[in-house]
Amino acid sequence: MNTFESKLGEVDPQIVEIASKDLTRQQDSLMLIPSENYASRAVMEAQSSILANKYAEGYPGERYYNGCKFMDDVESLAIERAKALFGVEHVNVQPHAGSQANMAAYHALLEPGDTILAMSLSHGGHLTHGDSVNFSGRYYNVAAYGVDAETERIDMQEIARLATEYHPKLIVVGATAYPRHFDFAAWRQVADSVGAYLLTDIAHIAGLIAGGVHPDPVPYSDVITTTTHKTLRGPRGAMIMCRSEYAEKIDRAVFPGLQGGPFLHTIAARAVAFKEASQPAFKTYQAQIVKNAKALAARLIENGFRLVSGGTDNHLMLIDLTSKYEKLSGRQAADHLEDAGIIVNKNTIPFDKRKPRTTSGLRIGTPMITTRGMKEDEMVQVADFIAETLENRQKASIKRRIRKKVTELCARFPIYEYLK
């Protein structure tokens, strides 16, 4: 049978069944992992479009394949929309992932063995910020910074001291698990004091920045890397933004330095996401993410949990489980919560005594439940569900009862009804 024009359900019902099951999981669960979000129907349609069929190595106007006129149009549109959204001079929308975007930025600005000052993974940084198991820790000399032991916030005086001591060629500001704002002007001062490049990794907070609810790194950064999902609510992927003087280096680092053909269907989906993010409703959405995070954090504290740094300024928070349950690890807590339909991820906390596979903390965020339309009142319910589940984690009957309540709450805020 010729299946070329057959629909997915006819060709591969197993994949359809798996996707259908995960749709039910997403619909019926409280998705609280801060690095995830629901892409819109329009974004997903663009990503599954006919644009997936074309190879287009190179850049608009300079392709290595013929037949790229419309690929040029797509990529140029994505670039112009990103430049307008963030107010930057140059954008490369080709990186396939955030890790590749950071690798390309390092490749453009550094030589192997150069010194980087970046946030420790255990204190909230990312693998690509110099962790020893990652390329960044293997190819570069890394000086790590963390948070202050007492305040659990970044101490800019300590950053300045470390910069003077190690004299890095590149300073990286950004995190995957830091619940506070960054003072980008202060980071620029430190970078200038030692003649370093300043790279800002905004993968987690790009949507907040575009929505005007987080300080803007653009006036202070030489290079900015970001993913295009998370708070930005686009397709999985990444991009690099920079000052025009670094444009050629960045572009050559991406192609031909690290990648071949870009994924034009994904770039088209990014263009759609950038258009969505330019609308007034997106600013309202980002503001609600922060309101929800503050409401969720406040109720968790009322329920007896200690939050790292005492709360949040952005979309996420870190629960220190040791303050309430000495023997309960982050891994165990996340599994118990999943039993009740609450999806979070285990995460190290600053100065954690447990290993990364176990952890003493939970990382929780509000982008996905905010996308669904939940607001502050629902955050109180969510925090209470979390507290009741962990308090009764050995009682299967209570977890089943909470699971039922979670499903009922989620039913009031449906997603992707058109896929059913």
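To start, this report covers the structure provided alongside it. (Residues numbered from 1 in each chain as written. Predicted model: local features only at pLDDT ≥ 70, side-chain atom pairs only at ≥ 80, totals over all residues. Heavy atoms only, no water.)

**Let's talk about the overall build of the protein chain**
Step number 1: Looking only at helices and strands, one finds 16 helices and 15 strands in the protein chain.
Step number 2: For the protein chain, whose C-alpha radius of gyration is 22 Å, the value lies close to the compact-globule estimate of 22 Å for 420 residues.
Step number 3: Each principal axis of the C-alpha distribution contributes one length, and for the protein chain these read about 65 × 60 × 40 Å.
Step number 4: Here the protein chain holds 420 residues, and 55% of them are scored as buried.
Step number 5: Sequence separation of 24 or more characterises 73% of the internal contacts of the protein chain that already satisfy a separation of 6 or more.
Step number 6: When the accessible surface of the protein chain is split by element, carbon and sulfur atoms take 50% of a total near 18,800 Å². (Helix = DSSP H or I, 4+ residues; strand = E, 2+ residues; numbered from the N terminus. Rg over C-alpha atoms; globule rule 2.2 N^0.38 Å. Buried < 20%, exposed > 50% of the residue type's maximum accessible area, 1.4 Å probe, protein only. Contact = heavy atoms within 4.5 Å. Areas by Shrake-Rupley, 256 points an atom, 1.4 Å probe, with all protein chains shown as cover.)

**Remarks on the sheet that holds strand E9 (residues 223–227)**
Step number 1: One open sheet holds the 7 strands; their spatial order is E4-E10-E9-E8-E7-E5-E6, and the pairing between them is mixed. Unpaired on one side and paired on the other, strand E4 (90–92) and strand E6 (141–145) mark the two borders of the sheet. The sheet shows a mean angle of 20° between the axes of neighbouring strands, direction not considered.
Step number 2: Pairing geometry for strand E5 (residues 115–119) and strand E7 (residues 170–173), over 2 bridges, is parallel. Within E7, the position partnered with Leu117 by the bridge is Ile171. (Pairing = 2+ DSSP bridges. Axes fitted to C-alpha atoms, helices over the stretch in contact; angles between N-to-C directions.)

**Side note on the pattern of salt bridges**
Step number 1: This model, assessed by the stated rule, comprises 23 salt bridges.
Step number 2: The shortest N-O distance in the salt bridge between Asp73 and Lys69 comes to 3.6 Å. Of this pair, Asp73 and Lys69 both sit in helix H4 (residues 69–86), separated by 4 residues, roughly a single helical turn.
Step number 3: Among the residues examined, Asp73 registers a relative accessible area of 41% and is labelled partly exposed.
Step number 4: Take Lys69: its relative accessible area is 54%, and that puts it in the exposed class.
Step number 5: The network of salt bridges with shared partners includes Arg188, Asp192, Asp222 and Arg243. (Salt bridge = Lys/Arg side-chain N within 4 Å of Asp/Glu carboxyl O.)

**Considerations on the sheet that holds strand E15 (residues 361–365)**
Step number 1: Taken together, 4 strands build an open sheet; the order of strands is E11-E12-E15-E14 and the sheet is antiparallel. Whereas interior strands pair on both sides, the edge strands pair on one side only; in this sheet they are strand E11 (306–307) and strand E14 (345–347).
Step number 2: Across 5 bridges, strand E12 (residues 316–320) lies against E15 in antiparallel orientation. Within the sheet, the bridge partner assigned to Ile319 lies in E15 and is Leu362.

**Things to note about the environment of Thr227**
Step number 1: Locating Thr227 in the fold gives a position in strand E9.
Step number 2: In sequence terms Thr227 and Gly237 are 10 residues apart; their C-alpha atoms lie 5.5 Å from each other.
Step number 3: Thr227 has contacts with Gly98, Ala203, Leu232, Gly237 and Ala238, leaving out every residue within four places of it along the chain.
Step number 4: A distance of 3.2 Å separates a polar side-chain atom of Thr227 from the backbone oxygen of Ala203. (Polar contact = N/O pair within 3.5 Å; in protein donor to acceptor, adjacent residues only side chain to side chain.)

**Side note on the side chain of Gln286**
Step number 1: Of note, Gln286 is situated in helix H12 (residues 280–302).
Step number 2: A polar contact of 2.9 Å, which involves the side chain of Gln286, links it to the backbone oxygen of Thr231.

**Section: the nonpolar core**
Step number 1: In terms of nonpolar packing, the biggest core is built from 68 residues, with Phe86, Tyr145, Ile154, Ile171, Phe182 and Trp187 touching the most fellow members.
Step number 2: Contact partners of Phe182, with chain neighbours within four places excluded, come to Ile154, Val173, Gly174, Ala175, Trp187, Ile205, His214 and Pro215.
Step number 3: Core analysis: the second largest hydrophobic core is formed by 37 residues, Ala297, Leu328, Ile364 and Ile369 among them. (Core = buried A, V, L, I, M, F, W, Y, C linked by side-chain atoms within 4.5 Å.)

**Some points on the pairing of E12**
Step number 1: Extensive coverage of E12 is indicated by the burial of 5 of its 5 residues.
Step number 2: On E12, burial covers both faces: Leu316, Leu318 and Asp320 on one face and Met317 and Ile319 on the other are all buried.
Step number 3: Inspection of the sheet shows E11 paired to E12 by 2 bridges, in the antiparallel sense. The partner of Leu307 across the bridge, within E12, is Ile319.

**As for the packing of aromatic side chains**
Step number 1: Per the stated rule, a full pass over the model turns up 13 aromatic pairs.
Step number 2: On the basis of an interplanar angle of 55° and a centroid distance of 6.4 Å, the ring pair of Phe135 and Tyr139 is categorised as tilted. Placement of the pair is Phe135 and Tyr139 together in helix H6 (residues 135–139), with a separation of 4 residues, close to one helical turn.
Step number 3: Residue classification places Phe135 among the buried positions, given a relative accessible area of 13%.
Step number 4: We classify Tyr139 as partly exposed; its relative accessible area is 45%. (Phe/Tyr/Trp six-rings, centres within 6.5 Å; stacked < 30°, edge-to-face > 60°.)

**Let's talk about the packing of helix H5 (residues 98–109) against helix H10 (residues 247–258)**
Step number 1: Where H5 meets H10, the closest approach of the two axes is 8 Å, and the angle between their N-to-C directions is 115°. Note on packing geometry: the crossing formed by H5 with H10 is right-handed. For the pair H5 and H10, contact is made by Gln100, Met103, Ala104, Ala105, His107 and Ala108 and by Lys249, Ile250, Ala253, Val254, Gly257 and Leu258, respectively.
Step number 2: Of the residues assigned to the contact of H5 with H10, the class counts are 8 nonpolar, 3 polar and 1 charged. (Left-handed = near helix turned anticlockwise from the far one by under 90°. Nonpolar A, V, L, I, M, F, W, Y, C, P; charged D, E, K, R; others polar.)

**Overview of helix H8 (residues 184–194)**
Step number 1: Buried residues of H8: Phe184, Ala186, Trp187, Arg188, Val190, Ala191 and Val194, and no others.
Step number 2: Of the residues flanking the end of H8, it is Gly195, one or two places downstream, whose phi is positive at about 70°.

**Observations regarding the environment of Gly234**
Step number 1: Residue placement: Gly234 occurs in the loop between E9 and strand E10 (238–242).
Step number 2: Once the C-alpha coordinates of Gly234 and Glu276 are considered, the two residues, 42 residues apart in sequence, prove to be 8.9 Å apart.
Step number 3: What Gly234 contacts, discounting residues up to four positions off in sequence, is Ala39, Val43, Thr228, His229 and Ala273.

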